[in-house]
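# Residue-level structural notes
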Amino acid sequence: MKVYLVGGAVRDGLLGLPIKDKDFMVVGTDTATMLAHGFSQVGADFPVFLHPDTHAEYALARLERKVGTGHTAFSVHSSPDVSLADDLLRRDLTINALAIEVTGLFDDTPITGEVMDYYGGLDDLHAKVLRHVSPAFSDDPLRVLRVARFYVRFAPLGFVIHDDTQALMQSISAQGELSHLSRERIWQETARAIAEPHGYHYIDCLHQLGILAHLLPTLAERLADDDRYQAMMTRLQNACQADSPLATRLAMLFSVFGDDINGLNDCLTRLNAPKAIGQFIHAFINYHATLLALPNITAEQLLTVIEHTKAHKDDTLLMSLYDACEIYQNKSMPYPKVWLADAITRYQSIGMANIDSTLTGKAIGDELTRLRTQALYGLIGNFQMANALTVF
């Protein structure tokens, strides 16, 4: 039996990056032996095991053969005679097909530190190239998105995607293979990529290679206009640089839809975006123009924003929209956030105690709206007058 540290831990160690997780591959043994050592199997038909103490993943060396469409239709063969080179051949990128032999199952100290490299991964690390290991790359369409995600992480270090790998990614997409991916996996890859510090590279990669049209066609259609694309990229870059939440980053991306709600909803459906993120994006598209125009709007418009965002009950959404608006325009808002909080307080100050007790039915709601609008009108008027005096 031989045990190897493989994949990302080897790659990141060589690049001098923090190692987040360690994955191991075991050559020359079988399931029964792993179970006898106290490891627990992840899946009944999949040769991956969790370490009894560290819970790190230890996989048996295996071969895979595509038997259908999508990224899960594989026949897996693992046995003691599958070699290290055999297993690494099925990996996605050469820089991920590197291994270092360690002492054993319960001691991950490298024996010599020598890097086992059968497919040019060390050369590609040095040249800063993301290149597929073999034609088997085409067997798994999810790798198209995974390479785009790796590009997000490594482009700031100067890495590029090899021309042959770009062509392969384009071919897989053009053949409709991405349509076989589950929406859940598409969301996972996309969310993880865009949430990275330089997440905008994900969209840029897919757009420049023409892959976005096969993944999110309505968005690709919108971004066909170069001016619109550049404006969106600036906003998305601003959001990433400000370490904005994922919902804000996606709001910047989908802001290109404007009032094309059908196009937006098509993207959200294809991505299987969580309901809360979809609601935030819709709220941003609906109300960002109003928030950007404040305080030069009517009291009625301000009342609508407060009520529709339910800010009188919980101001979290409205304050997040305020932050998103600053990202969108790449400058501070013309009014402080505390002013918006004051508007909410004024709205909340009007209640049943402020209206004529003889009113009934619809008249009660109408009177509450009138009084709240009046209170907000005074706030807006005072702010506008103060600004005018300052300018004068």
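So, here's what we can say about the structure.

How each quantity is defined
Residues numbered from 1 in each chain as written. Predicted model: local features only at pLDDT ≥ 70, side-chain atom pairs only at ≥ 80, totals over all residues. Heavy atoms only, no water. Helix = DSSP H or I, 4+ residues; strand = E, 2+ residues; numbered from the N terminus. Rg over C-alpha atoms; globule rule 2.2 N^0.38 Å. Buried < 20%, exposed > 50% of the residue type's maximum accessible area, 1.4 Å probe, protein only. Pairing = 2+ DSSP bridges. Axes fitted to C-alpha atoms, helices over the stretch in contact; angles between N-to-C directions. Contact = heavy atoms within 4.5 Å. Core = buried A, V, L, I, M, F, W, Y, C linked by side-chain atoms within 4.5 Å. Parallel < 35°, antiparallel > 145°, perpendicular 65-115°, else oblique. Left-handed = near helix turned anticlockwise from the far one by under 90°. Nonpolar A, V, L, I, M, F, W, Y, C, P; charged D, E, K, R; others polar. Phe/Tyr/Trp six-rings, centres within 6.5 Å; stacked < 30°, edge-to-face > 60°.

If you tally the helices and strands in the chain, you get 18 helices and eleven strands. On C-alpha atoms alone, the chain measures out to a radius of gyration of 27 Å, which is more than a quarter above the 21 Å that the 2.2 N^0.38 rule sets for 392 residues. Seen along its three principal axes, the alpha-carbon backbone of the chain occupies a region of about 85 × 45 × 40 Å. Relative to its full complement of 392 residues, the chain shows a buried share of 46%.

Another point: the pairing of strand β2 (residues 23-27). Among the five residues in β2, four count as buried, and that is most of the element. Where β2 and strand β5 (residues 57-60) come together, four bridges link them in parallel fashion. Its bridge partner lying in β5, Met25 is registered against Ala59.

Note: most residues except glycine have negative phi, and most peptide bonds are trans. At the junction of Leu294 and Pro295, the peptide bond is cis and its omega measures out at 5° in the coordinates. Residue placement: Pro295 occurs in the loop between α14 (275-293) and α15 (299-308). Here the phi dihedral of Lys128 falls at roughly 60°; this positive angle occurs in a residue that is not glycine. Counting through the fold element by element, Lys128 comes out in the loop between α4 (121-127) and β10 (129-130). Positioned with a positive phi, Asn330 is a non-glycine residue whose angle comes to about 60°. Structurally, Asn330 can be placed in the loop between α16 (316-329) and α17 (337-348).

This brings us to the sheet that holds strand β8 (residues 98-104). Taken in spatial order, the seven strands make up an open sheet running β3-β4-β5-β2-β1-β8-β9, and their pairing is mixed. What marks the edges here is a single partner per strand, and that holds for β3 (40-43) and β9 (107-117). Strand-to-strand, the axes of this sheet are offset by a mean angle of 35°, without reference to chain direction. As paired elements, strand β1 (residues 2-6) and β2 share five bridges and run antiparallel to each other. Counted as the bridge partner of Lys2 is Val27 from β2. The strands touched by helix α1 (residues 8-15) are β1, β8 and β9; relative to β1, the strand with the most contacts, the crossing angle is about 55°.

Glancing now at the nonpolar core. Tyr202, Leu219, Phe254 and Leu302 are the most contacted members of the largest nonpolar core, which has 109 residues in total. Per-element accounting of this core gives the leading share, nine residues, to helix α5 (residues 142-154). Not counting residues up to four positions away in its chain, the partners in contact with Leu219 are Leu212, Leu253, Phe254, Val256, Phe257 and Cys267. Tyr4, Met25, Leu84 and Val133 belong to the second-largest nonpolar core, a separate cluster that totals eleven residues.

Before going further, it helps to examine the packing of α1 against α5. Helix packing for two helices is described by the angle between their axes and how far apart those axes are. One way to put it is that α1 packs onto α5 with a least axis distance of 14 Å and a crossing angle of 25°. As the angle between them shows, α1 and α5 are arranged roughly parallel. As α1 runs across α5, the sense of the crossing is right-handed. Mapping the contact onto sequence places Arg11, Asp12 and Leu15 in α1 and Phe150, Arg153 and Phe154 in α5. Taken together, the residues of the contact of α1 with α5 sort by class into three nonpolar, no polar and three charged.

For Lys128, a relative accessible area of 36% gives the class partly exposed. Excluding residues that lie within four positions of it along the chain, Lys128 makes contacts with Leu157, Gly158, Phe159 and Val160.

Attention now moves to the packing of aromatic side chains. Tallying each qualifying case throughout the model produces ten aromatic pairs. Here the aromatic rings of Phe24 and Tyr58 are separated by 4.5 Å at their centres, their planes lie at 15°, and the arrangement is stacked. Separated by 34 residues along the polypeptide, Phe24 in strand β2 and Tyr58 in strand β5 bring together distant segments of the chain. Judged on exposure class, the residue Phe24 and its partner Tyr58 are both buried. Between Phe150 and Phe154, the aromatic rings sit 6.4 Å apart at their centres with planes inclined by 15°, giving stacked as the arrangement. Within this pair, Phe150 and its partner Phe154 are both found in helix α5, separated by four residues, close to a single helical turn. For the pair shown, Phe150 and Phe154 are each scored as buried. Members of the aromatic cluster, each reached through a chain of ring pairs, are Phe24, Phe39, Tyr58 and Phe106.

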